[in-house]
Amino acid sequence: SQAAQKQSTAATIERAKDGTVAIETPLVKGSGFFITDSTIVTNKHVIAPDKTQVAEVRRQVDTSRKLIELEQQKLAELRQRLAQMANGPARQQLVILLQEKERQLSEILPRQQEAEAQLRKMEQRTSTSDIKIFFADGSESSASSTQISTNRDLALITLYTSKAVVLQPAGKIGSLHQGDKVYAIGNPVGLRNTVTAGIFSGYRQHKETGEVMLQTDAAINHGNSGGPLIDEHGQVHGINTLGGRDTEGIGFAIPIEEVFKEFSITPPQG
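A brief report on the enclosed structure follows. (Residues numbered from 1 in each chain as written. Predicted model: local features only at pLDDT ≥ 70, side-chain atom pairs only at ≥ 80, totals over all residues. Heavy atoms only, no water.)

### Brief notes about the overall build of the chain
Within the chain, the regular secondary structure consists of 5 helices and 13 strands. Relative to its length of 270 residues, the chain is extended, with a C-alpha radius of gyration of 25 Å against a globular reference of 18 Å. Once local pairs closer than 6 in sequence are excluded, the contacts in the chain between residues at least 24 apart make up 61%. With 30 positive and 31 negative side-chain charges, the chain shows a spacing of 4 Å between the two charge centroids. (Helix = DSSP H or I, 4+ residues; strand = E, 2+ residues; numbered from the N terminus. Rg over C-alpha atoms; globule rule 2.2 N^0.38 Å. Contact = heavy atoms within 4.5 Å. Lys, Arg positive; Asp, Glu negative; His and termini not counted. Charge placed at Lys NZ, Arg CZ, Asp CG, Glu CD.)

Encoded structure:
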C-alpha cells in the first residue's frame, strides 16, 4: 500500500541519516558517510584546501597588502605637506581629506588582518586532530587518520567507533535511470541531517578527463559535499560533490564505485 511504501522510504532515509556524519575543520564544513565500520568517505576539498583556491586567496591578499602600503605612503606624504602649510582654506581642506582617508584605512586594516589569518590557516595542512566528526545523534569524535586521493575529489577518514552505520553501495555504474528518485543527505550551511529529494538527471562525462559524474536536481549546497546520494532502497550511488554555479536544479555526485577503485577497498556485501 501507499502508506507502507511511505513508511519503508522513511525508514530507509532514517538509516542513511544515521550513517551520514557532519565534518568540520578550521576552514570548511562538509559531510561524509560510513563505507566500512571504521571508514568514512568524504570530498578531498572538505579536509584539504584546494591548491588553486589557496593560490587565488594568496594573490588577493598580496594585492590588498601592496595597495594598503601605497596608501600609507600617500598619507605620510600628505601629513608632511600639511605640516608645511599655512593656516587657511587649503590647509583645512587637506585636514578633512586626511581624516577621511585615515578613516577608510582604519576600516580596511582589520579585514586585511582577517584575510591574512585565513590564508595562514589555508597554507597549513589540516592536521588529523583538527578534523571533527559529528554523528546523527549530535555526539562528536575525532579522526584517527586520513587518506587523500590524487585523482578525484575524494578522501577517506579512519574512525574507530561503535556508532558506525555502514551504507550499502549500489551495483555498477549504470544502475540508475533518468527519472529515478534520489535523495541527497548531508549538512548544508550547518543544518545537520538534512535530506533533499530529486530525480537522477543523467550521467555526464568530462570531455578532457573522461571522468563520469552523476547529475541530479536534488539540492546540493555548501556543506552537502561528501554526503551520500541514495536511491529509494537506501543504496548509495554517489558522493555529493557540488551544485552547478549560478544555476538551480543542477547538482553532481562522484559515482560510488570510484571510491573502491581509488582506494582499493572491497565494497561491503549487502
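More follows now that the structure is in view.
### With respect to the packing of aromatic side chains
In this structure the tally under the stated criterion is 2 aromatic pairs. Here the aromatic rings of F34 and F135 are separated by 6.4 Å at their centres, their planes lie at 5°, and the arrangement is stacked. Of this pair, F34 sits in strand β2 (residues 29-36) while F135 sits in the loop between β4 (132-134) and β5 (140-142), and the two are 101 residues apart along the sequence. For the pair shown, F34 and F135 are each scored as buried. Judged by centre distance (4.8 Å) and plane angle (65°), the ring pair of F200 and Y203 falls under edge-to-face. (Phe/Tyr/Trp six-rings, centres within 6.5 Å; stacked < 30°, edge-to-face > 60°. Buried < 20%, exposed > 50% of the residue type's maximum accessible area, 1.4 Å probe, protein only.)

### Remarks on helix α3 (residues 51-84)
Here α3 spans 50 Å end to end across 34 residues, near enough to the 50 Å set by a 1.5 Å rise per residue. When α3 is considered as a whole, its buried residues turn out to be V54, V61, I68, E71, L75, L78 and L82. (Expected span 1.5 Å × (residues − 1).)

### Some thoughts on the pairing of strand β8 (residues 181-186)
One face of the sheet, then the other: side chains in a regular strand alternate in exactly this way. With 5 of 6 residues buried, β8 lies mostly within the body of the structure. Sheet topology places β8 next to strand β9 (residues 194-205); 6 bridges connect them, and they run antiparallel. Considered in β9, the bridge of I185 is made with V195. (Pairing = 2+ DSSP bridges.)

### A few points about the sheet that holds strand β1 (residues 20-24)
Where strands meet in a sheet, backbone hydrogen bonds hold them as pairs that are either parallel or antiparallel. Taken in spatial order, the 7 strands of this open sheet run β5-β4-β1-β2-β3-β7-β6, and their pairing is antiparallel. Each end of this open sheet is capped by a strand with a single partner; those strands are β5 and β6 (145-148). Each neighbouring strand pair of the sheet contributes to a mean axis angle of 30°, computed without reference to strand direction. In this sheet, β2 lies alongside β1 in antiparallel orientation, the contact comprising 5 bridges. When the sheet's bridge partners are listed, T20 is paired in β2 with F33. (Axes fitted to C-alpha atoms, helices over the stretch in contact; angles between N-to-C directions.)

### Re the nonpolar core
In terms of nonpolar packing, the biggest core is built from 21 residues, with F33, I35, V41, I256 and V259 touching the most fellow members. When residues of this core are traced back to their parent elements, those giving at least two are α1 (2-18), β2, β8, β12 (236-243), β13 (251-255) and α5 (257-263). The leading source of residues in this core is α5, at 3 residues. (Core = buried A, V, L, I, M, F, W, Y, C linked by side-chain atoms within 4.5 Å.)

### Overview of the pattern of salt bridges
With the rule as written, the count across this model stands at 14 salt bridges. Residues E257 and K261 are paired through a salt bridge, measuring 3.9 Å at the closest nitrogen-oxygen approach. Placement of both E257 and K261 in helix α5 is noted, with a separation of 4 residues, approximately one turn of the helix. A salt bridge links K261 to E258; the nearest nitrogen and oxygen atoms lie 3.6 Å apart. You can see K261 and its partner E258 sitting in helix α5, 3 residues apart, about one turn around the helix. Using a relative accessible area of 53% as the deciding quantity, one classes K261 as exposed. Ionic contacts of the salt-bridge type, sharing partners, join the residues R152, E211, E257, E258 and K261 into one network. (Salt bridge = Lys/Arg side-chain N within 4 Å of Asp/Glu carboxyl O.)

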